[in-house]
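Chains, contacts and geometry: an overview
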Amino acid sequence: MRKVECIIKPFKLDDVKSVLTDLGINGMTVSEVRGFGRQKGHTELYRGAEYQIDFIPKVRIELVIPADQVAEVVAAVQKEACTGRIGDGKIFVSMIEQAIRIRTGETGVDSL
């Protein structure tokens, strides 16, 4: 099993959710997060004064999926989340040793 974490622009969430649902992904966790990477934030003008906005709003999607689905999930998210502009986000893939469904006690891939 693998955990896939995607940090994307908020307005791309519906597109990414739709493509993941089409791939048969039936569970995900979505969080509103703030951060910055190479873009280092931006400046905004408010009532004539300039303000530096260091942390940009993003959305984090977390999925735990069977290892054999990783390539297609990563490719689909990358395609749907891409705008071609700086700040599109990142995708992280890590190993999951065990998963347990609390209600039934199922373990491993069966618990997903």
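What you see is a predicted model, and the numbers here were worked out from it, not measured in a lab.

Topic: the overall build of the chain
Of the regular secondary structure elements, the chain holds two helices and six strands. When the helices and strands of the chain are placed in sequence order, the string is β-α-β-β-β-β-α-β. For the chain, the C-alpha radius of gyration of 17 Å lies well beyond 13 Å, the compact-globule estimate for 112 residues. With respect to the principal axes defined by its C-alpha atoms, the chain has extents near 60 × 25 × 20 Å. Out of the 112 residues in the chain, the part that is buried amounts to 28%. Accessible area of the chain: about 7,700 Å², with a carbon and sulfur share of 50%. Charge separation in the chain, taken as the distance between the mean sites of 16 positive and 16 negative side-chain charges, equals 5 Å.

Details of the environment of Cys6
Within the secondary structure layout, Cys6 lies in strand 1 (residues 2-8). On the accessibility criterion, Cys6 (0% relative accessible area) is buried. The sequence separation of Cys6 and Ala99 amounts to 93 residues, and the corresponding C-alpha distance is 20 Å. Beyond its immediate stretch of four places on either side in the chain, Cys6 contacts Val59, Arg60, Ile61, Val77, Lys90 and Ile91.

Conventions and cut-offs
Residues numbered from 1 in each chain as written. Predicted model: local features only at pLDDT ≥ 70, side-chain atom pairs only at ≥ 80, totals over all residues. Heavy atoms only, no water. Helix = DSSP H or I, 4+ residues; strand = E, 2+ residues; numbered from the N terminus. Rg over C-alpha atoms; globule rule 2.2 N^0.38 Å. Buried < 20%, exposed > 50% of the residue type's maximum accessible area, 1.4 Å probe, protein only. Areas by Shrake-Rupley, 256 points an atom, 1.4 Å probe, with all protein chains shown as cover. Lys, Arg positive; Asp, Glu negative; His and termini not counted. Charge placed at Lys NZ, Arg CZ, Asp CG, Glu CD. Contact = heavy atoms within 4.5 Å.

By themselves, these are just geometric observations and shouldn't be taken as functional.
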